[in-house]
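Here's the letter readout for the chains.
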Amino acid sequence: YLIIIAMAPTPKAPKEGIEFDSLPWNLNLPEEHSYIHLTTESGEWTTDHYDPSTDKGLLFDSVKKYSETTLPLTPSTTSLNYGTTIWEGLKCFRTKEGKCIVFRPDKNFVRFTNGADQMCLPKPSKELFLRGVQHVVQENSHLIPPCGEGMKLYIRPMMLGSGQQLGLYPSPQFSLLFYVSPTGNYFKNATGGLNIHLETRRSRASRGGLGATKCAGNYAIALKPLLDAKKEGFLDNLFLELETYKTGALEDAVLQEMSAANIFFVLKTGEIVTPSLDRGTILPGVTRDSVITLVQDFADDLKEAMKASTGQESVTVSSRDVTVGELRNATEVFATGTAAELVPIARLATGSEEEAFDVTFPHGTQLPGGPVTTALLTLLREVMVGEKSSEGTKGWLRDPFASPEDFCK
């Protein structure tokens, strides 16, 4: 009898000749990428696309060369006309031992399906989403950087209405894509804490809108304010819940998030606080959720850093409304995101022709940040490579070269 044993894929070494530590936060080396493109016209994703019981499907026949195969879009493509596009951002990196890790892809799946529901797109199964992530990493393993600070293979699952129509209806066809890019840190060129503009004139999101949905429009609306802020010497914006801002009472206004990052404040009371998700205007970031869990599970490990930052030994974490005035009681402020990890903020201020506000944070000027920011960043990176764990961090690290059953569970 002839016995055929299927060999599990193994990661390739980082491709020689690429200076991974010099790569910017951008689409890099597209001539080296492969991506996955699935379509459906039935309004759902089926086991024809991926059948977890057999580990077979169109998923494996839909790998394209990024530099050779473009998307077949027409002028009437639904997503081009009506903005029905969602996407996710997650990362794969190598440990010192060379093991490859994808960080918390199950959280991205939950957010992706919530976005699909909001944008009238068909929800993929958890198995299809995670197997797509796993397969695109395997196809591009030569682009996973060696172990190093901030270096990663960024993974972007995306879904869009790709059918043709003129009317305002859900698309007659949908595309599910998975593509990658090796990158460095989002704020790679920062030489110190960030100088951030407090945006008081324009809104990123409002109640009843799509602020909590990771859709294309969420970023389009932040682009013009971002360019304007940079003209005034700022690196990014921190937006308000604009409905809470009354002229002459800026310090009572409620804070929201940055253009593409959540934000945390270390207050003099020993509280680490981030704006609440309850208003439905803030994106539920995976790194945001990770930081909250780390503070809860490793509070004792953070006491020394908290005492150095605030003089307090107690460490608490909360998600609640935070007002502008509370910034005056912060010793540290930091941004969080998949691309940014944790980055300190040195200053928050309004710009020209706005109500005056300016605060500089005692521990914000130096990288990697103040005592609490640095301790949390170290802790996050230790958890990411398996050097530390807790009850709350179980299941965070997934090996893309494990079996499909283990990766997709």
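Residues numbered from 1 in each chain as written. Predicted model: local features only at pLDDT ≥ 70, side-chain atom pairs only at ≥ 80, totals over all residues. Heavy atoms only, no water.

## Some points on the overall build of the chain
Along the backbone of the chain there are 8 helices and 17 strands. Relative to the 2.2 N^0.38 estimate, which gives 22 Å for 409 residues, the radius of gyration of the chain is 22 Å and therefore close to what a compact globule would have. Projected onto its principal axes, the C-alpha coordinates of the chain cover approximately 75 × 55 × 40 Å. Considering only contacts within the chain whose residues lie at least 6 apart along the sequence, 73% involve residues at least 24 apart. Of the roughly 18,000 Å² of accessible surface on the chain, a fraction of 51% belongs to carbon and sulfur atoms. Averaged over its 40 positive side-chain charges, the chain has a centre that lies 1 Å from the centre of its 50 negative ones. (Helix = DSSP H or I, 4+ residues; strand = E, 2+ residues; numbered from the N terminus. Rg over C-alpha atoms; globule rule 2.2 N^0.38 Å. Contact = heavy atoms within 4.5 Å. Areas by Shrake-Rupley, 256 points an atom, 1.4 Å probe, with all protein chains shown as cover. Lys, Arg positive; Asp, Glu negative; His and termini not counted. Charge placed at Lys NZ, Arg CZ, Asp CG, Glu CD.)

## Some remarks on the environment of Gly392
By the element assignment, Gly392 lies in the loop between helix H7 (371-384) and strand E17 (397-398). Classification of Gly392 by relative accessible area gives partly exposed; the value is 32%. The sequence separation of Gly392 and Asp297 amounts to 95 residues, and the corresponding C-alpha distance is 6.9 Å. (Buried < 20%, exposed > 50% of the residue type's maximum accessible area, 1.4 Å probe, protein only.)

## Overview of the environment of His197
Within the element layout of this structure, His197 appears in strand E8 (residues 194-199). Considered as a pair, His197 and Tyr169 are 28 residues apart in the sequence and their alpha carbons are 38 Å apart. In terms of polar contacts, His197 uses its side chain to reach the side chain of Glu354, at 2.5 Å. (Polar contact = N/O pair within 3.5 Å; in protein donor to acceptor, adjacent residues only side chain to side chain.)

## Regarding the pattern of salt bridges
A side chain of one charge can pair with a side chain of the opposite charge if their charged atoms are brought near each other. In this structure the tally under the stated criterion is 26 salt bridges. In this structure, the salt-bridge partner of Lys224 is Asp228, at a minimum N-O distance of 2.9 Å. Of this pair, Lys224 and Asp228 both sit in helix H4 (residues 216-231), 4 residues apart, which is roughly one turn of the helix. Here Lys303 makes a salt bridge to Asp300, at a shortest N to O gap of 3.4 Å. Residue class for Asp300 comes out exposed when judged on its relative accessible area of 58%. Here the salt bridges share partners, and the residues they tie into one network are Glu199, Arg202, Lys224, Asp228 and Lys231. (Salt bridge = Lys/Arg side-chain N within 4 Å of Asp/Glu carboxyl O.)

## Re the packing of helix H2 (residues 105-118) against helix H3 (residues 126-139)
A packed helix pair is summarised by two numbers, namely the angle formed by the two axes and the spacing between the axes. Here H2 crosses H3 at 125 degrees, and the two axes come no closer than 10 Å. Classified by the angle between their axes, H2 and H3 sit oblique to one another. The way H2 lies across H3 gives a crossing that is right-handed. Where H2 abuts H3, its residues Pro105, Asp106, Asn108, Phe109 and Phe112 lie against Lys126, Phe129 and Leu130. (Axes fitted to C-alpha atoms, helices over the stretch in contact; angles between N-to-C directions. Parallel < 35°, antiparallel > 145°, perpendicular 65-115°, else oblique. Left-handed = near helix turned anticlockwise from the far one by under 90°.)

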